[in-house]
Amino acid sequence: MNRHETAKFHVAVLGAGLAGLTAALRLGQAGFPVTVFEARDRLGGRTHTVRADGTAYEAGGEWIDADHHRMLGLMTEFGIVPSAARDGIRRYEYAGESCRSDAVWPEAQADADRFYALAGRLFRAPTWPAELAEAVPGGDTASLQRLVSHACQTARGEWLLSAQLRSDEGDELDRIGLMGWLAGYGLYAMREGDEASAYRFPNGISEMLDQMAHASGAKFHLATPIQSVRATPTGVLIETAAGPHAFDAAICTVPPKPAQRIAFEGFDIADQRAAWAACGMSRAIKFTLEFSDAFAFTGPDGGNALTDRTVGQLWTGAIANPHPTLTAYVVGDPAEALARLPEADAIGRVLADIDAMYPGAAERFRRGWRTDWIQDPWCEGAFSHLAPGYVLAHYPNVGRPAGRLFFAGEHTSVWTGFMEGAVESAERAIDELTLALGLHPGIEP
């Protein structure tokens, strides 16, 4: 793209989450004038480093897989060295018994082996992807829970496998479509085993988000929800409470549920709207608890656990703080229940679970925070998943462009549910925009 050409086209980006910031950055680097509208009063969307009286923690997206090359590339671009995940043991606790990840219950390991062998056979079925419904029990309407129950022969094995998958997917497995999960499984079926959750941001992701915003050269309107997007003969008209704004094109990165509240006028997007309505949004809450000392981090598991208690999954914070922190990740029905409680009561429930696992936690507890993505009005869920029946009926439409309106966001990506997917989707939307404007890809002087 020649900068003299791109400078003629003013582009709006709706949403300043990771997808929106990536779009603004790459468009700005290519010479496009860019204006970003964000409903929140901050950057980042579902990625956000909270800083509270000397303590910092990741309230949203946190983990980066070793093969998420777009995310790792962004970190390199802004001079950030990834913090490697602590190499250690995870504690599994079920029905009052526990084991370590380096010595898993044999029957549970056998169930997991059976599950992944079956998943591999289904994914590699010769009918994949268009006719995979014939190879999958129940077709596209089957849930991931069906395959788990089919493969597992022991209660303990089914719990451990389900707990791992629930944590990955952010919800109950009967809400996760089997075909959609298999599509995602294909992205990492050839991994060697240590790529998942390999890295984090040493000082929090917001450090990079701020750098991206500055480097984009874009104009930002925070605390500015979009009311309507209207097609015009020369582009799009964005309506906010402050009035109308005309642009040559727009990239919408708004998550699927709040996107439904925007009035899109003059665009043929009935199929996209149906996809947004059907898109699953995972129910996940993150609790951050601060303690006076690292009592829980001195054992073999180092505070890294997966349990059948309400608390679900635990891990230690990556950011250096004056006092150690534990993150409790609660998903699905338990998260929904904790979302209904006052924050102090919900934190108390989580602390009670931690104290039962690590005696002495309660007396060392200093303070805690809850980040409830379920009830957040600007996302209504932590990240997207492909619900039963979604892949064949809706997935091809969720990010399809309409005129000079383009769509991004992890829910429109191949890497659904990942930060990598947010970046990937922005790159794809920019390619679509470039072609629609009659420009050639690539940046020229």
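Here the structure is shown first, and the text comes after it.
Structural notes, computed from the coordinates. What you see is a predicted model; the values in this text were computed from it and never measured.

**Describing the sheet that holds strand β9 (residues 219-221)**
As a general point, the strands of a sheet are linked pairwise by backbone hydrogen bonds and lie either parallel or antiparallel. What the five strands build is an open sheet, ordered β9-β2-β1-β13-β22; its pairing is parallel. Because the sheet does not close on itself, it has two edges, and the strands there are β9 and β22 (405-407). Across the sheet, the mean angle separating the axes of adjacent strands is 20° when strand polarity is ignored. As paired strands, strand β1 (residues 11-14) and strand β13 (residues 249-252) are joined by four bridges and run parallel to one another. Across the sheet, Ala12 pairs through a bridge with Ala250, a residue of β13. Across the face of the sheet, helix α2 (residues 18-29) comes into contact with β1, β2 (34-37), β9 and β13 while running at roughly 160° to β1. Here helix α15 (residues 419-436) sits on the sheet in contact with β1, β13 and β22, set at roughly 160° to β22.

**Concerning the pairing of strand β4 (residues 55-58)**
Here β4 shows a buried face lined by Thr55 and Tyr57 and a second buried face lined by Ala56 and Glu58. Direction of pairing for strand β3 (residues 49-52) relative to β4: antiparallel, over a ladder of four bridges. Paired with Arg51 across the two strands is Ala56, which belongs to β4. Hairpin connection between β3 and β4: a loop of two residues separates the two successive antiparallel strands, and Asp53 in this loop has a positive phi of roughly 50°.

**Comments concerning the sheet that holds strand β10 (residues 228-232)**
One open sheet holds the four strands; their spatial order is β12-β11-β10-β14, and the pairing between them is mixed. Looking at which strands have only one partner, the edges of the open sheet turn out to be β12 (243-247) and β14 (263-265). The sheet shows a mean angle of 20° between the axes of neighbouring strands, direction not considered. Sheet topology note: the β10/β14 ladder contains three bridges and is parallel. Paired with Ser228 across the strands is Ala263, a residue of β14.

**Considerations on the packing of α2 against α15**
For any two helices packed against each other, the geometry comes down to the angle between their axes and how far apart the axes lie. Between α2 and α15, the shortest axis-to-axis distance is 8 Å and the interhelical angle comes to 45°. Here α15 runs oblique to α2, going by the angle between their axes. Relative to α15, the crossing made by α2 is right-handed. Contacts between α2 and α15 pair Leu18, Ala19, Thr22, Ala23, Arg26 and Leu27 from the former with Met419, Ala422, Val423, Ser425, Ala426, Ile430 and Leu433 from the latter. Residues that form the contact of α2 with α15 fall into these classes: ten nonpolar, two polar and one charged.

**Some remarks on the environment of His4**
Relative to the helices and strands, His4 resides in helix α1 (residues 3-6). With relative accessibility at 64%, the residue His4 sits in the exposed group. Taking the C-alpha atoms as reference points, His4 and Thr253, 249 residues apart in sequence, are found 26 Å from one another.

**A closer look at unusual backbone geometry**
Residue Asp53 is not a glycine yet carries a positive backbone phi of 50°. Take Asp53: its relative accessible area is 74%, and that puts it in the exposed class. Despite not being glycine, Ala95 has its phi angle at roughly 50°, a positive value. By secondary structure assignment, the location of Ala95 is in the loop between β6 (91-94) and β7 (97-100). Look at Ala95 and you get exposed, because its relative accessible area is 56%.

**What to know about the packing of aromatic side chains**
Counting across every chain of the model gives 15 aromatic pairs. The interplanar angle of 55° and the centroid separation of 5.4 Å between the aromatic rings of Phe115 and Trp181 together place this pair among those described as tilted. Note that Phe115 is positioned in helix α4 (residues 106-123) and Trp181 in helix α7 (residues 178-188), a separation of 66 residues in sequence. Given a relative accessible area of 4%, Trp181 falls into the buried group. Measuring from ring centre to ring centre gives 5.6 Å for Trp415 and Phe418, while their planes differ by 90°; the resulting arrangement is edge-to-face. On the basis of relative accessibility, which here comes to 9%, the residue Trp415 falls in the buried class. With a relative accessible area of 28%, Phe418 lands in the partly exposed category. Aromatic ring contacts, followed pair by pair, group Phe115, Tyr116, Trp181, Tyr185 and Tyr188 into a single cluster. Taking NZ or CZ as reference, Arg91 lies 5.3 Å from the ring centre of Tyr358, over its face.

Cut-off values and rules
- Residues numbered from 1 in each chain as written.
- Predicted model: local features only at pLDDT ≥ 70, side-chain atom pairs only at ≥ 80, totals over all residues.
- Heavy atoms only, no water.
- Pairing = 2+ DSSP bridges.
- Helix = DSSP H or I, 4+ residues; strand = E, 2+ residues; numbered from the N terminus.
- Axes fitted to C-alpha atoms, helices over the stretch in contact; angles between N-to-C directions.
- Contact = heavy atoms within 4.5 Å.
- Buried < 20%, exposed > 50% of the residue type's maximum accessible area, 1.4 Å probe, protein only.
- Parallel < 35°, antiparallel > 145°, perpendicular 65-115°, else oblique.
- Left-handed = near helix turned anticlockwise from the far one by under 90°.
- Nonpolar A, V, L, I, M, F, W, Y, C, P; charged D, E, K, R; others polar.
- Phe/Tyr/Trp six-rings, centres within 6.5 Å; stacked < 30°, edge-to-face > 60°.
- Lys NZ or Arg CZ within 6 Å of the ring centre and 35° of its normal.

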